[in-house]
Amino acid sequence: MYVPFESLPEESRIWIYQSNRKFSDAEMTEIEESLQAFLKDWAAHGTSLESSYLLKYNRFIIIAVNQEVQAATGCSIDSSVEFIQSLEKKYDVDLLDKMNVTFKLGEHVAHKPLLDFKKMVKDKAVTENTIVFNNLVNNIQEFNESWEVPAADSWHSRFF
């Protein structure tokens, strides 16, 4: 069951998918319609999941589930991954590769393979103060507090 993102409790579990390229506004509209349709019927063991999504920077898809109502299970998580894979195919993007880093260069959102990011650190093209997207956050509270943070305050700090 789709609900507004703001109505979910802070403990709600989230999954963050980052695209290797920026989506166009038209693609974002289509993705939003697809997400609403998917979440409307998303269920775990026949019980509807209270869920929502956010789209950020024309690049990130964030899916959230209120685990207090009904926890996402292996099968329901698998179906969400299949949904994300269908978006990958439709838009010819990579949403599941965790070996990429997305960060801000001024107002621009950049996306690089991890090896390229490490080289940028070495070349001092990015610093500990560079804002990175910490996609390892697990719930809405962590998302609100620790998703966009200086590299020094995330798992990226190991490269400095």
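Everything below is about the structure shown above.
Residues numbered from 1 in each chain as written. Predicted model: local features only at pLDDT ≥ 70, side-chain atom pairs only at ≥ 80, totals over all residues. Heavy atoms only, no water.

S.K.: Would you mind going over the nonpolar core in detail, with residue names and values included?
M.R.: By size, the foremost hydrophobic cluster in this structure holds 23 residues, and its most contacted members are Ile61 and Ile63. Within the residue set of this core, elements represented by two or more residues are β1 (13–18), α1 (25–41), β4 (51–56), β5 (60–65) and α2 (74–91). In terms of residue count, the dominant contributor to this core is α1 (five residues). Leaving out residues up to four positions away in the same chain, Ile63 has contacts with Arg13, Ile14, Trp15, Tyr17, Leu35, Leu39, Trp42, Ser52, Tyr53 and Ile84. Of all hydrophobic cores here, the second largest spans 14 residues; its members include Ile14, Ile62, Ile140 and Phe143. (Core = buried A, V, L, I, M, F, W, Y, C linked by side-chain atoms within 4.5 Å. Buried < 20%, exposed > 50% of the residue type's maximum accessible area, 1.4 Å probe, protein only. Helix = DSSP H or I, 4+ residues; strand = E, 2+ residues; numbered from the N terminus. Contact = heavy atoms within 4.5 Å.)

S.K.: Any details on the sheet that holds β4? Residues and values, ideally.
M.R.: Read across the open sheet, the three strands follow the order β1-β5-β4; overall the sheet is antiparallel. A single partner strand is all that each edge strand has here, and the edge strands are β1 and β4. The average angle at which neighbouring strand axes cross in this sheet is 15 degrees, direction not considered. Where β1 lies against β5, six bridges are found, and the strand directions are antiparallel. Within the sheet, the bridge partner assigned to Arg13 lies in β5 and is Val65. Set on the sheet, α1 makes contact with β4 and β5; between it and β4 the angle comes to about 170 degrees. The sheet strands contacting α2 are β1 and β5, and the helix crosses β1 at an angle near 20 degrees. (Pairing = 2+ DSSP bridges. Axes fitted to C-alpha atoms, helices over the stretch in contact; angles between N-to-C directions.)

S.K.: Run through the side chain of Asn58, naming residues and quoting values.
M.R.: Positionally, Asn58 belongs in the loop between β4 and β5. In this view, Asn58 contacts Arg21, Lys22, Phe23, Ser24, Asp25 and Met28; residues no more than four positions away in its chain are not counted.

S.K.: Any details on α1? Residues and values, ideally.
M.R.: Taking 1.5 Å as the rise per residue, α1 with 17 residues should run 24 Å; its terminal C-alpha atoms sit 25 Å apart, in good agreement. For α1, every residue scored as buried is listed here: Glu27, Met28, Ile31, Leu35, Phe38 and Leu39. Angular distribution of buried residues about the axis of α1 spans 95 degrees; they occupy a single face of the element. Residues of α1 that are exposed and point over 90 degrees away from its buried face: Glu33, Lys40 and Asp41. Packed against the buried residues of α1 are β4, β5 and α2. (Expected span 1.5 Å × (residues − 1). Arc of directions from axis to C-beta.)

S.K.: I'd like to hear about the packing of α1 against α2, residue by residue, with values.
M.R.: Relative to each other, α1 and α2 sit at 155 degrees, their axes nearing to 12 Å. In terms of orientation, α1 lies roughly antiparallel with respect to α2. The hand of the α1/α2 crossing is right-handed. Listed contacts from α2 to Glu27, Glu30, Ile31, Ser34, Leu35 and Phe38 of α1 are Ser79, Ser80, Phe83, Leu87, Lys90 and Tyr91. Class assignment for the residues of the contact of α1 with α2 results in six nonpolar, three polar and three charged. (Parallel < 35°, antiparallel > 145°, perpendicular 65-115°, else oblique. Left-handed = near helix turned anticlockwise from the far one by under 90°. Nonpolar A, V, L, I, M, F, W, Y, C, P; charged D, E, K, R; others polar.)

S.K.: Residues and numbers for the pattern of salt bridges, please.
M.R.: By the definition in use, this model includes five salt bridges. The salt bridge partner of Lys90 is Glu30, with a shortest N-O separation of 3.8 Å. Highlighted residues: Lys90 in helix α2 and Glu30 in helix α1, separated in sequence by 60 residues. Between Lys104 and Glu148 there is a salt bridge whose closest N-O contact spans 2.8 Å. Placement of the pair is Lys104 in strand β6 (residues 100–105) and Glu148 in strand β9 (residues 148–150), with a sequence separation of 44 residues. Given the relative accessible area of 21%, Lys104 is considered partly exposed. According to the relative accessible area criterion, Glu148 is partly exposed, its value standing at 30%. (Salt bridge = Lys/Arg side-chain N within 4 Å of Asp/Glu carboxyl O.)

No statement about biological role is implied by the geometric values presented.
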